[in-house]
Amino acid sequence: MDKKALRAEIKVLKKQHTKEQLLEQSEKILAKLEQHPDFVKAERVMLYSALPDEVQTQVFLEKWHLKKQIILPTVVGDDIIPVAYEKDTHFAVGDFNILEPQNEPYNGGFDLIVVPGVAFDRNGNRLGRGRGYYDRFLSQHLNVKRIGICFDFQLVDEISTEPFDIRMDEVITL
């Protein structure tokens, strides 16, 4: 299946779930992430502010930002710019209606990068929204553990890939 068709299929599958069902799945997926050895040992974790159709991270961010350094992506032009999430961080709606932290860019390293996606396959390949933001960003951090998180219906057998696509080290779902 081509990428456009797969994006459309996943969109249909998401609509078959209520907001409450997706929130419940989100909590279970993030509970699995919390127990993951790479998350447990990580001190600097890049997460994301979720769109309504992604694994919801807000409660998780609030829970962990005082225990670990949490970094969130912002979009500037064609690039992801990481920003540290602090207790007094103010958010604004950025490109694509994503809530983005309004702090100075983060220039440190990462121990773990948690990545959303439209779909993932069992080999760690990721289908994003088609603009390449994460692939460009992740290509600069190939030595950092990359974990994709998704709802169970977003895990497919195979995603066709391009040479520039960055594979996840692991995918967590239900």
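Scroll up to find the structure.
Keep in mind that what you see is a predicted model, and the values were worked out from it rather than measured.

## Structural notes on the pattern of salt bridges
No. 1: This model, assessed by the stated rule, comprises twelve salt bridges.
No. 2: For the salt bridge of Arg129 with Glu54, the shortest nitrogen-to-oxygen distance reads 3.4 Å. Taken together, the positions of Arg129 in the loop between strand 8 (126-127) and helix 5 (133-138) and Glu54 in the loop between strand 1 (44-46) and helix 4 (58-64) put the pair 75 residues apart, joining distant regions of the chain.
No. 3: The network of salt bridges with shared partners includes Lys14, Asp53, Glu54 and Arg129.

## Things to note about the sheet that holds strand 9 (residues 145-149)
No. 1: With mixed pairing, six strands are arranged side by side in an open sheet as 3-2-1-6-9-11. Each end of this open sheet is capped by a strand with a single partner; those strands are strand 3 (79-85) and strand 11 (170-172). Averaged over all pairs of adjacent strands, the angle between their axes in this sheet comes to 30 degrees, without regard to strand direction.
No. 2: Sheet analysis places strand 1 next to strand 6 (residues 112-115), joined by two bridges and oriented parallel. Across the sheet, the residue bridging to Met46 is Ile113, located in strand 6.

## Notes on the packing of aromatic side chains
No. 1: Evaluation of the coordinates by the stated rule reveals seven aromatic pairs.
No. 2: Ring plane angle 45 degrees and centroid distance 5.4 Å describe the contact between Phe39 and Phe60, whose orientation is recorded as tilted. A residue pair is termed long-range when its members are at least 10 positions apart, and Phe39 in helix 3 (residues 37-41) and Phe60 in helix 4 qualify at 21 residues.
No. 3: According to the relative accessible area criterion, Phe39 is buried, its value standing at 0%.
No. 4: By the ring-pair criterion, three or more aromatic residues cluster together here, those being Phe39, Phe60 and Trp64.

## A word on the nonpolar core
Side chains of a nonpolar character, in soluble globular proteins, are inclined to be buried together.
No. 1: Ranked by internal contacts, the top residues of the largest apolar core, which has 41 residues, are Leu33, Leu47 and Ile149.
No. 2: Mapped by element, the contributors of at least two residues to this core are helix 2 (19-35), strand 1, helix 4, strand 2 (69-76), strand 3, strand 6, helix 5 and strand 9.
No. 3: If you look at the next biggest cluster of nonpolar residues, it comprises seven residues, including Leu6, Ile10, Leu127 and Ile159.

## So, the layout of surface pockets
No. 1: In this model, the largest pocket occupies a volume close to 540 Å³.
No. 2: As for the largest pocket, its lining consists of 29 residues, and the residues nearest its centre are Arg126, Gly128, Arg129, Tyr133 and Tyr134.
No. 3: Listing elements by their share of the lining of the largest pocket, those giving two or more residues are helix 1 (3-15), strand 2, strand 8 and helix 5.
No. 4: The residue inventory of the lining of the largest pocket, partitioned by class, reads 13 nonpolar, six polar and ten charged.
No. 5: Reported here for the second largest pocket is a volume of approximately 330 Å³.
No. 6: Lining the second largest pocket we find 18 residues, and of these Ala50, Leu51, Pro52, Asp53 and Gln56 sit closest to its centre.
No. 7: Per-element tally for the lining of the second largest pocket: the top contributor is helix 2, with three residues.
No. 8: Per-class residue counts for the lining of the second largest pocket are eight nonpolar, seven polar and three charged.

## Concerning the pairing of strand 9
No. 1: Most of strand 9 sits inside the fold, with four of its five residues counted as buried.
No. 2: Where strand 6 meets strand 9, four bridges bridge the pair, whose relative direction is parallel. Across the sheet, Ile113 pairs through a bridge with Arg146, a residue of strand 9.
No. 3: Pairing analysis gives three bridges linking strand 9 to strand 11, with the strands arranged parallel. By the bridge assignment for strand 11, Ile147 is matched with Glu170.

Conventions adopted
Residues numbered from 1 in each chain as written. Predicted model: local features only at pLDDT ≥ 70, side-chain atom pairs only at ≥ 80, totals over all residues. Heavy atoms only, no water. Salt bridge = Lys/Arg side-chain N within 4 Å of Asp/Glu carboxyl O. Helix = DSSP H or I, 4+ residues; strand = E, 2+ residues; numbered from the N terminus. Pairing = 2+ DSSP bridges. Axes fitted to C-alpha atoms, helices over the stretch in contact; angles between N-to-C directions. Phe/Tyr/Trp six-rings, centres within 6.5 Å; stacked < 30°, edge-to-face > 60°. Buried < 20%, exposed > 50% of the residue type's maximum accessible area, 1.4 Å probe, protein only. Core = buried A, V, L, I, M, F, W, Y, C linked by side-chain atoms within 4.5 Å. 1 Å grid on protein atoms, 1.4 Å probe; cavity = no way out; pocket = protein on both sides within 12 Å on 5 of 7 lines; lining within 4 Å. Points joined across faces, edges and corners; volume = space filled by probe spheres on them. Nonpolar A, V, L, I, M, F, W, Y, C, P; charged D, E, K, R; others polar.

By themselves, these are just geometric observations and shouldn't be taken as functional.
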